[in-house]
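Summary of structural features
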Amino acid sequence: MENENQNTEIEQEKGRFDTPVTDTPMQAQNEPQVQPRQYQQTVKLPNEPVKHMSLGVASIVLGGISMMCCWMYGLGVIPALIGAIFGLIALIKGEKRARVLGGIGLGLSLVGLILGIVMIVTYASMINWNNVTIENLMTIQDIDPDNRDEVLRWLQQFFNIDISRYVY
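Here's what I pulled together on the structure shown here. (Residues numbered from 1 in each chain as written. Predicted model: local features only at pLDDT ≥ 70, side-chain atom pairs only at ≥ 80, totals over all residues. Heavy atoms only, no water.)

What follows concerns the environment of Asn 136. Among the structural elements, Asn 136 can be located in helix α6 (residues 134-138). The spacing of Asn 136 and Phe 158 is 22 residues in sequence and 8.9 Å in space, taken between C-alpha atoms. Sequence-distant contacts of Asn 136, defined by excluding residues within four places in its chain, comprise Asn 131, Trp 154, Gln 157 and Phe 158. (Helix = DSSP H or I, 4+ residues; strand = E, 2+ residues; numbered from the N terminus. Contact = heavy atoms within 4.5 Å.)

Bringing the packing of helix α3 (residues 53-68) against helix α4 (residues 77-93) into the picture now. α4 packs onto α3 with a crossing angle of 155 degrees between their chain directions and a minimal axis gap of 8 Å. It follows that α3 is roughly antiparallel to α4 by the angle criterion. For α3 against α4, the interelement crossing comes out left-handed. Between α3 and α4, the residues in contact are Leu 55, Gly 56, Ala 58, Ser 59, Leu 62, Ile 65 and Ser 66 and Pro 79, Ala 80, Ile 82, Gly 83, Phe 86, Gly 87, Ile 89 and Ala 90, respectively. (Axes fitted to C-alpha atoms, helices over the stretch in contact; angles between N-to-C directions. Parallel < 35°, antiparallel > 145°, perpendicular 65-115°, else oblique. Left-handed = near helix turned anticlockwise from the far one by under 90°.)

Our next topic: the packing of α4 against helix α5 (residues 96-125). Where α4 meets α5, the axes come as close as 7 Å, and the angle between the chain directions of the two elements is 155 degrees. It follows that α4 is roughly antiparallel to α5 by the angle criterion. Remark: the crossing between α4 and α5 carries left-handed chirality. From α4, Val 77, Ala 80, Leu 81, Gly 83, Ala 84, Gly 87, Leu 88, Ala 90, Leu 91 and Ile 92 reach across to α5, where they touch Ala 98, Arg 99, Gly 102, Gly 103, Leu 106, Ser 109, Gly 112, Leu 113, Gly 116, Ile 117 and Ile 120. Classifying every residue of the contact of α4 with α5 gives 13 nonpolar, seven polar and one charged. (Nonpolar A, V, L, I, M, F, W, Y, C, P; charged D, E, K, R; others polar.)

Here is the structure:
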């Protein structure tokens, strides 16, 4: 008996909210008007992507590549610049996890950029810029390509350091 009373009460409650609202004054006096609830807080689902997360990950990858490629005649400077830009965007506009990844990527990219610039300066300091002229470069036509010593002497004029130990 008690179970039946509960079922009828539930059905009456459902019926009260399922009836269509009309504009008649008689119905408005008999039934209380129920306002729909409005929630201020939005719930974020766990599978929803974090804003700018991919830029943070790309910044970390590019920063790592730039650090590994810094010794390649400064080639690591290019991914370092791109990674620093991606990391900065993720750091400024991203959400919490994207900001962390953007900060890490920005740091790696800046280290890779500094290493690349140091390597470019190091390589540039090895060159004897006073001897790099069109006339000296054209003298390659006068040497025998099969004579290793002549080629090494011709090359040595363009460097400040002894390159004979680097050539096999």
